[in-house]
Amino acid sequence: IMFNSLNFINIHYDPHVLCVDTIPPELIYRYRALPLYRDEYNLYVGTLDPGDQACITAFSFHSGLRVSAMLVLESQLDDIINKHYRPAILTSQLESALSKVSPHQETVQENDEPLIEFVDYLIFDAIEKKVSDIHIEPFADSCRIRFRQDGLLYQVASIPLPLATRIITRLKVM
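Remember, predicted model here, so these are calculated numbers, not experimental data.

Student: Help me understand the sheet that holds strand S5 (residues 142-149), please; the structure alone is not making it clear to me.
Tutor: Picture the strands of a sheet paired through backbone hydrogen bonds; they go either parallel or antiparallel. Strand order in the open sheet formed by 3 strands is S4-S5-S6, with antiparallel pairing between adjacent strands. Single-partner strands in this sheet number two, and they are strand S4 (133-138) and strand S6 (152-160). Adjacent strand axes in the sheet meet at a mean angle of 25° when their direction is disregarded. Looking at chain direction, S4 and S5 are connected through 6 bridges and run antiparallel. Residue pairing for S5: Pro138 is matched across the bridge by Cys143. Each of S4, S5 and S6 touches helix H6 (residues 113-129); the most contacted strand, S5, lies at about 25° to it.

Next comes the structure, spelled out in structure tokens:
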């Protein structure tokens, strides 16, 4: 474990390491830690708890590298995570929901837990981003979900039409 007091003041990181798919976004959110940079044998991870062995083990397992944990400021860590990983986590939640539910059923089922989690995360993400509204826009064979933020609409997901019907039903139930 390495504590680096220089990086405690200002996080320095390699954006290329952040974009590499070696660490799943779910782990980054679970442990509130992220890869900052790497060399041939080491991955340097910024975290709020450099002594968290579960985090170090998980990052080492997924990267195949020796992990050195570095203490970083919470506000800077959250800013980088939100900037680089928020879209990836939403996409991952959607893919998880799509893989576990049948898109051919148009009614809400008792086993729609993944879909319910996706809707909950979608709303949570909208609140975190302080969006003014969520647009669910059906088309002939798909549906897109967009957020309005600062007056601009941007797409956050595209889903099969039958799933959109179930998401809308879930929102009505809520």
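Student: Is there a simple way to think about helix H4 (residues 53-63) in this case?
Tutor: Every α-helix carries 3.6 residues per turn, so stepping three or four residues along brings you back to the same face. For H4, the complete set of buried residues consists of Cys55, Ile56, Ala58, Phe59 and Ser63. Taken down its axis, H4 places every buried residue within 165° of arc, on the same side. In this structure, the buried side of H4 is in contact with helix H3 (25-31), strand S1 (33-38), strand S2 (42-47) and strand S3 (66-71). Capping the start of H4, Asp52 holds a side-chain oxygen 3.2 Å from the backbone nitrogen of Ala54, two or three residues further along. Just beyond H4, the residue with positive phi is Gly64, at close to 75°.

Student: Even after reading the chapter, I still don't get the environment of Ile167, so can you show me in this structure?
Tutor: Assignment of secondary structure puts Ile167 in helix H7 (residues 161-173). For the pair Ile167 and Asp112, spaced 55 residues apart in sequence, the C-alpha to C-alpha distance is 10.0 Å. With residues near it in sequence (within four places) discarded, Ile167 still touches Leu115, Phe118, Val119, Ile136 and Ile159.

Student: Help me understand unusual backbone geometry, please; the structure alone is not making it clear to me.
Tutor: Only a minority of non-glycine residues have a phi that is not negative, and only a minority of peptide bonds are not trans. If you check the backbone angles, Arg32 has positive phi at about 50° while not being a glycine. One can find Arg32 in the loop between H3 and S1. Relative accessible area serves as the criterion here: at 28%, Arg32 is assigned to the partly exposed category. Despite not being glycine, Asp150 shows a phi value in the positive range, around 55°. Residue position: Asp150 is located in the loop between S5 and S6.

Student: I tried to follow the side chain of Arg146 on my own but got confused; where do I start?
Tutor: Mapped onto the fold, Arg146 is located in strand S5. Take Arg146: its relative accessible area is 17%, and that puts it in the buried class. At 2.9 Å, the side chain of Arg146 forms a polar contact with the side chain of Glu137. Setting aside residues no more than four positions away along its own chain, Arg146 makes contact with Asp133, Ile134, His135, Glu137, Leu153, Tyr154, Gln155 and Val156.

Student: What am I meant to see in the pattern of salt bridges here?
Tutor: Proximity of charged atoms lets side chains of opposite charge pair with each other. Applying the stated criterion across every chain yields a total of 6 salt bridges. The salt bridge partner of Asp133 is Arg148, with a shortest N-O separation of 3.3 Å. Of the two residues, Asp133 is situated in strand S4 and Arg148 in strand S5; the sequence distance between them amounts to 15 residues. In this structure Asp133 comes out as partly exposed when scored by relative accessible area, which is 25%.

Student: What's the story with the pairing of S1 in this structure? I'm lost.
Tutor: One ladder, built from 5 bridges, connects S1 with S2; its direction is antiparallel. Following the sheet pairing, Leu34 is matched in S2 by Gly46. Counting the residues in the hairpin turn of S1 and S2 gives 3 residues.

Student: I would appreciate a short explanation of the sheet that holds S2 in the present structure.
Tutor: Here 3 strands make up an open sheet; going across it, the order is S1-S2-S3 and the pairing mixed. Lying at the two open borders of the sheet, with one neighbouring strand each, are S1 and S3. Neighbour to neighbour, the strand axes of the sheet diverge by 35° on average, direction disregarded.

Thresholds, definitions, all that
Residues numbered from 1 in each chain as written. Predicted model: local features only at pLDDT ≥ 70, side-chain atom pairs only at ≥ 80, totals over all residues. Heavy atoms only, no water. Pairing = 2+ DSSP bridges. Helix = DSSP H or I, 4+ residues; strand = E, 2+ residues; numbered from the N terminus. Axes fitted to C-alpha atoms, helices over the stretch in contact; angles between N-to-C directions. Contact = heavy atoms within 4.5 Å. Buried < 20%, exposed > 50% of the residue type's maximum accessible area, 1.4 Å probe, protein only. Arc of directions from axis to C-beta. Polar contact = N/O pair within 3.5 Å; in protein donor to acceptor, adjacent residues only side chain to side chain. Salt bridge = Lys/Arg side-chain N within 4 Å of Asp/Glu carboxyl O.

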